[in-house]
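Architecture at a glance
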Amino acid sequence: MGKRNDKLPIGHRKVAVSTRIRLARDFADYPFPNRLLKDAHAEEQAYEIIRLVAARLSLIDDFKEYVMRDTSEETAAYLKEKSLISRDLLAHRRISAAFVSKDESVSVMVNEEDHIREQYFVNEFAVDRAYERICGIDDAISECLGFAYDGQLGYLTACPTNLGTGLRASVMLFLPALSHKGILEEIAPDLRGKGLAVRGVSGEGSRGEGELFQISNEITLGVSEESILENVVKEVSDLIEFELSERVRYKRQGGVRLHDQIMRSFGILSNSCLLGETEFSSRLADVKLGAALEYLPAKAGAGEDGIEMLMEELDNLRVEMRPANLNRLNGAPLGAEEQDAFRADFTSKKLHALFK
């Protein structure tokens, strides 16, 4: 496919959080995972698939293998919070596995809804780069296991919504202005008309926690991978520009009340003794908006590198303060109140390190 410049100017990093490209694939010579679950004797086939995928991935990169029936609840929760595995993979624990690259940018789920779900994550708006990376893995796996493919329908998948390319291109965006003003809800039908879906941070059916929303293609059948990627890049680029323009109005119309809201949230996050997950997420969104609107000056400065670093640090903090990730940082499981205390202390130190 042709190259496009989807690495956007610095102002766009204040909106774009991450990109995920996911490919759904099934193997021609094996029953779909749902069939494997129903047949006790098919477990051997499921683990044969896992072994074959493991052998192929070992030639590409250093992947850590998680056989889900042998994976602890705490580790599974950690992987799920980081979007490296899904609810469906956990529902199929008897026959499923996941392979995660050392830097956690690549996740290959085996025997989820489909035989494999290959994912590549990057912490910026970089659709082409993510696509090229996951295609390399896809090609390598297909060399040892033939995919179920039809000349007319394309890749055959467990769910009809993935038929065709099996490609899902998603970009996570931070949209406080469009969300607060109700514009995002108004334009969602127009985006659907263009083949795109607006989902919350946890995917289908979830809400926009922390003012974060996923924009992804809904159509996979009857369109090429090239056209899917072009459409996502174009519409996401337009949406980013829309958000940036609305932030100017939001700042002007919000005036001292918006400034006060941001500073109060910063004060609470940087001085609390206990901090629950829901309040943390909401107030961190205020702080991130405050940084983007230059209410909160960063120690790293306002240059391109400083903004890039600050936005990424705040996005990482959001994930780190989820329960299983937080327990891992602590080195041992914590009770509910202990987690709130740890979250408050960790967040306070992080914000004091990031802001003047």
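Everything below is about the structure shown above.
What comes next is a walk through the structure.

About the cut-offs
- Residues numbered from 1 in each chain as written.
- Predicted model: local features only at pLDDT ≥ 70, side-chain atom pairs only at ≥ 80, totals over all residues.
- Heavy atoms only, no water.
- Helix = DSSP H or I, 4+ residues; strand = E, 2+ residues; numbered from the N terminus.
- Buried < 20%, exposed > 50% of the residue type's maximum accessible area, 1.4 Å probe, protein only.
- Contact = heavy atoms within 4.5 Å.
- Axes fitted to C-alpha atoms, helices over the stretch in contact; angles between N-to-C directions.
- Parallel < 35°, antiparallel > 145°, perpendicular 65-115°, else oblique.
- Nonpolar A, V, L, I, M, F, W, Y, C, P; charged D, E, K, R; others polar.
- Pairing = 2+ DSSP bridges.
- Expected span 1.5 Å × (residues − 1).
- Bend = angle between axes of the 7 residues up to and from the residue.
- Left-handed = near helix turned anticlockwise from the far one by under 90°.

1. Quick word on the environment of L173
In this structure, L173 sits in strand β8 (residues 167-174). With a relative accessible area of 0%, L173 lands in the buried category. Here the alpha-carbon distance between L173 and E243, two residues 70 residues apart in the chain, equals 9.6 Å. Those residues within four positions of L173 in sequence are excluded, and the remaining contacts are V15, A16, V17, E211, L212, F213, I215, V236, L239 and I240.

2. Remarks on the packing of helix α8 (residues 225-271) against helix α12 (residues 336-354)
Their axes nearest at 6 Å, the elements α8 and α12 cross at an angle of 120 degrees. If you check the angle between α8 and α12, you find them oblique. Judged by residue contacts, F266, L269, S270 and N271 of α8 engage A344, T347, S348, L351 and H352 from α12. Looking at side-chain class alone, the contact of α8 with α12 contains four nonpolar, five polar and no charged residues.

3. Brief notes about the sheet that holds strand β10 (residues 212-217)
Strands belonging to one sheet form pairs held by backbone hydrogen bonds; the direction of such a pair is parallel or antiparallel. The eight strands lie next to each other as β2-β3-β4-β5-β1-β8-β10-β9, forming an open sheet whose pairing is antiparallel. Both outer strands of the open sheet, β2 (63-67) and β9 (196-200), are each paired with one neighbouring strand and no more. If you compare each strand with its neighbour and ignore which way they point, the axes differ by 20 degrees on average. Relative to β10, β9 runs antiparallel, the two being bridged by five bridges. Directly across from V198, in β10, lies its bridge partner I215.

4. Quick word on α8
Here α8 is 47 residues long, yet its end C-alpha atoms lie only 48 Å apart, well below the 69 Å a rise of 1.5 Å per residue gives. The largest bend in α8 is about 100 degrees, located at G255.

5. Topic: the packing of helix α3 (residues 73-81) against helix α11 (residues 323-330)
Where α3 contacts α11, the axes come no closer than 7 Å and their chain directions differ by 115 degrees. Note on packing geometry: the crossing formed by α3 with α11 is left-handed. Contact residues: E74, T75, A77, Y78 and E81 in α3; P323, A324, N325, N327 and R328 in α11. Partitioned by chemical class, the residues of the contact of α3 with α11 number four nonpolar, three polar and three charged.

Any functional reading would require information beyond the geometric quantities listed.
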